[in-house]
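Residue-level structure breakdown
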2 protein chains.
Amino acid sequence: VPSPPSPDVAALAAIVGPDHVLVDPEVRAGFEVDWTGRWRGTSAAVVRPGTVDEVAAVVRWCARHDTPIVPQGGNTGLVAGAVPSAGAVVLSTTRLDSLGPVDPVAGQVTAGAGTTLERLQHHVAGTGWMFGVDLGARAACSVGGMVATNAGGMRVLRHGSMRAQVLGVEAVLADGSVVRRLEGLVKDNTGYDLPGLLCGSEGTLAVVTAARLRLVPEPADRIVVLVGLPSLEAAVDLSARLRAEVEGLDALEAVLAPGVTLACEQLGLAPPFATEPAVTLLVEWAGRGEPPDALAALVGDHDAVAADDPGGRERLWAYRERQSEAIARVGVPHKLDVTLPLARLGVFAAEVPAVVAALWPHARCHLFGHLGDGNLHVNITGVPPDDKRVDEAVLRLVVGHGGSISAEHGVGRAKAGWLALQRSPAELAVMRAVKQALDPRGILNPGVLLTAEG
Amino acid sequence: VPSPPSPDVAALAAIVGPDHVLVDPEVRAGFEVDWTGRWRGTSAAVVRPGTVDEVAAVVRWCARHDTPIVPQGGNTGLVAGAVPSAGAVVLSTTRLDSLGPVDPVAGQVTAGAGTTLERLQHHVAGTGWMFGVDLGARAACSVGGMVATNAGGMRVLRHGSMRAQVLGVEAVLADGSVVRRLEGLVKDNTGYDLPGLLCGSEGTLAVVTAARLRLVPEPADRIVVLVGLPSLEAAVDLSARLRAEVEGLDALEAVLAPGVTLACEQLGLAPPFATEPAVTLLVEWAGRGEPPDALAALVGDHDAVAADDPGGRERLWAYRERQSEAIARVGVPHKLDVTLPLARLGVFAAEVPAVVAALWPHARCHLFGHLGDGNLHVNITGVPPDDKRVDEAVLRLVVGHGGSISAEHGVGRAKAGWLALQRSPAELAVMRAVKQALDPRGILNPGVLLTAEG
């Protein structure tokens, strides 16, 4: 391991206090590897500022010394966007965990970047409002990381992704200056949308230190229905009719056969249908009272099971939510998070197995995801972990159908080399120009999203 | 009138055809003044390209000759953002009026920048979907102008502003290169959000030539309720409870006394209440069947009148929608479109008359607007049209309460001089850096949004 240039620890300790500059290799190690263990880096130090002013001072110090900064929240990302490059300072946001009062009139709250999603959820619970984005990583993922990656999850269909929740940010720019807009104005047409630009910028344009978040009304009642369908096209069509006719849909998720059977076999679940249909569609409605009649009318022609009590809903969700767990029992998967135009989803899903089999005849493809958003998680087992050809083959198929190589996970380091598959030279030129404008020295998360070479 | 430098008309005619380069002063005049007649400019020529390639060629020609370009759609803007600076080429988008098929599965459509909102609405009608943004200027305003100004209107509460409808854009950059992303992906986390950045950029970063737009389900049933409330605080509180408890609110609008009486007197409307309350709140619900019981329960304690038939709903809307018309009968108003944090709305509204009276003791203040968004339209009559002190005094009051000097109209030329009231030096520096990055020669709509001086 090459020894990275060591930053002046004393100078950083003078800013954040000696307890919050971590240089011990064993302590640092936890910040240098992503949670999957697949991506590793090395850092010069881990710095944990406790205030926005400390963040600004750290950024100014790094800018003066041309030291790269890698912002890191809960370190739950899936594309290695928070794994440090050699010699970088990891700027951990964990201590920026303030939570303001819930404004019950506006339905808003201000959260520090280091606040975990779970703490935010508990903080809001019981106010009649809830936060509109929910993720499996809720116990560890942070508000700042969710902003940086424009996180999605299970409720995008209803409430949009993180960008739709962020009414304003506080952030430290690459020169150490601070922008702060936390008044929670729903409408503000006074210039370029900086919060929207920072959402999804993966720490490459600024260090987000806090966000003003909109909340959504907490529904009193929920119902989950599993529907068996003969094809992905049929599932897409039913989803479209449900979206058009049923107010209050919270989720439209799908598992393609034989995923439900796999979950039942591997996890000991009871099969929901006598024979697994080609597509198992999970529909969740949330609101007050009974769901609209259109839900039953549209679902009525198909095999379906429903539950409106918490235990029953959880049992039906398990076939979808535990797909990753079931797949992990049969192998270490390649995981690709992609979106397709809805009209291309069926063709794409039919083509994936052949594309994979051409490279690895004995590989298995597992498809499931957020059908309502056109977002599939393509998991492939039976392929060596380091093989990149299969990933690239599937991503090229996605791009050929007009899709996106990253629906909700971002680009990070993992997909930076493939960004040009998806984005045109003109689009990449715009991104590079924006990066150059906001971070001319290139100290913020270098190598993430945009590669170093032209 | 100084004679502007004349661009090479022959070169532009070779691009778009001689019929589409307008140089006759009388013909040009209609493009050189805003619809209110308050803002005037002069142009060297008006160019009407018919394709994105023609737009690109015009932009490249202008870039080579350092000729400013002012994009113009329906010319219905309220802040003079489409009024040309001397010597500029007005790039009229009216011929870019293509409309793609409605995708009934995705609920999406692609529209050329020059498509009017009304044509878009007619195009979508009958498909079960509708476009989520609606404005009074629908007959003339264009999709491109709505993107450029991040237009708001009556339905922001339910569906968000224009930025929330735009799933992708086709645009010509300042160097004549074209970016195009019209596949309609709901989720796409592959880099900086260019469509979101262009929304609200007022033609200063690129010329938008088409947009992929999301549609929303068309509700079958609607009900409008007018509610009389004793104060703006009470109206804000009731609005918050309605937002939290009633799924399917389409509008929460308010008229402050004596606006309803003024409309009745000036326009011959029948008063809805025996005595005008301090605030008349208009609540619209839309969905299928009956509104949730919570609507009647929350409104029940107050004076209220309701209508669920089209004629009745229109009569109730008239008290709110015809405010501008009624005010115009008593004088030429100063019009200020502002947002406040909801918690400051009542204090702000109470202070406005005193701030205005300190300058003009006999002026009248008329307040109404989109209460659910914290957005008030402050109209002031009895002040000379050219007086800017009263505008600035009200805008300073807005900023003092943490509000925005432009909620939904944008900055344009009209408010460019006041942008620094609202935006910090660090925020302005970011905007200037982004502008410099995307338009280094400064040819796109100079003087709009950002002033020429530092």
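I will try to describe carefully the structure that is included in this document. (Residues numbered from 1 in each chain as written. Chains lettered and ligands numbered in written order. Predicted model: local features only at pLDDT ≥ 70, side-chain atom pairs only at ≥ 80, totals over all residues. Heavy atoms only, no water.)

Considerations on the interface of chain A and chain B
- Opposite the 74 residues of chain A that make contact, chain B presents 74 residues.
- Surface buried jointly by chain A and chain B totals about 6000 Å² across both partners, of which 58% is contributed by carbon and sulfur atoms.
- Counting the surface chain A buries against chain B, the share from its top three residues, Lys 187, Asn 189 and Tyr 192 of chain A, is 18%.
- Inspection of the chain A/chain B interface yields 12 salt bridges.
- Asp 373 of chain A is the salt-bridge partner of Lys 187 of chain B, the closest N and O atoms lying 3.2 Å from each other.
- Put simply, chain A and chain B have 38 residue pairs in polar contact (both at pLDDT 80 or more) between them.
- Contributing elements (two or more residues each) for the side of chain A that touches chain B: α6 (156-159), β8 (178-180), α8 (194-198), α9 (232-245), α16 (419-422) and α17 (425-438) of chain A.
- Considering only residue class, the side of chain A that touches chain B consists of 34 nonpolar, 22 polar and 18 charged. (Contact = heavy atoms within 4.5 Å. Buried area = accessible area lost by both parts, 1.4 Å probe. Salt bridge = Lys/Arg side-chain N within 4 Å of Asp/Glu carboxyl O. Polar contact = N/O pair within 3.5 Å; in protein donor to acceptor, adjacent residues only side chain to side chain. Helix = DSSP H or I, 4+ residues; strand = E, 2+ residues; numbered from the N terminus. Nonpolar A, V, L, I, M, F, W, Y, C, P; charged D, E, K, R; others polar.)

Points about the side chain of Thr 93 of chain A
Residue and element names in this part refer to chain A.
- Among the structural elements, Thr 93 can be located in the loop between β4 (88-92) and β5 (108-112).
- Relative accessible area serves as the criterion here: at 5%, Thr 93 is assigned to the buried category.
- Those residues in contact with Thr 93 that lie beyond four places of it in its chain are Gln 72, Gly 73, Ala 113, Gly 114 and Ser 142. (Buried < 20%, exposed > 50% of the residue type's maximum accessible area, 1.4 Å probe, protein only.)

Quick notes on the nonpolar core
- In this structure, Leu 213 of chain A together with Leu 213 of chain B are the most contacted members of the largest nonpolar core, which totals 90 residues.
- In this structure Leu 213 of chain A touches Gly 107, Gln 108, Val 109, Ala 111, Leu 120, Phe 131, Val 143, Met 162, Gln 165, Val 166 and Leu 167 of chain A, once residues within four positions along its chain are discounted. (Core = buried A, V, L, I, M, F, W, Y, C linked by side-chain atoms within 4.5 Å.)

A few points about α17 of chain A
- Under the 1.5 Å per step criterion, the end-to-end length of α17 of chain A is 20 Å for 14 residues, consistent within 8% with the ideal 20 Å.
- Packed against the buried residues of α17 of chain A are α8 and α16 of chain A together with β7 (166-173), β8 (178-180), α7 (194-198) and α16 (425-438) of chain B. (Expected span 1.5 Å × (residues − 1).)

Notes on helix α4 (residues 117-124) of chain B
Residues and elements named next belong to chain B.
- Along α4, the residues that are buried comprise Leu 117, Leu 120 and Val 124. One side of α4 carries all its buried residues, which in axial view fall inside an arc of 60°.
- If you follow the buried residues of α4, they end up packed against β5 (108-112), β6 (129-130), α5 (143-149) and β9 (206-214). (Arc of directions from axis to C-beta.)

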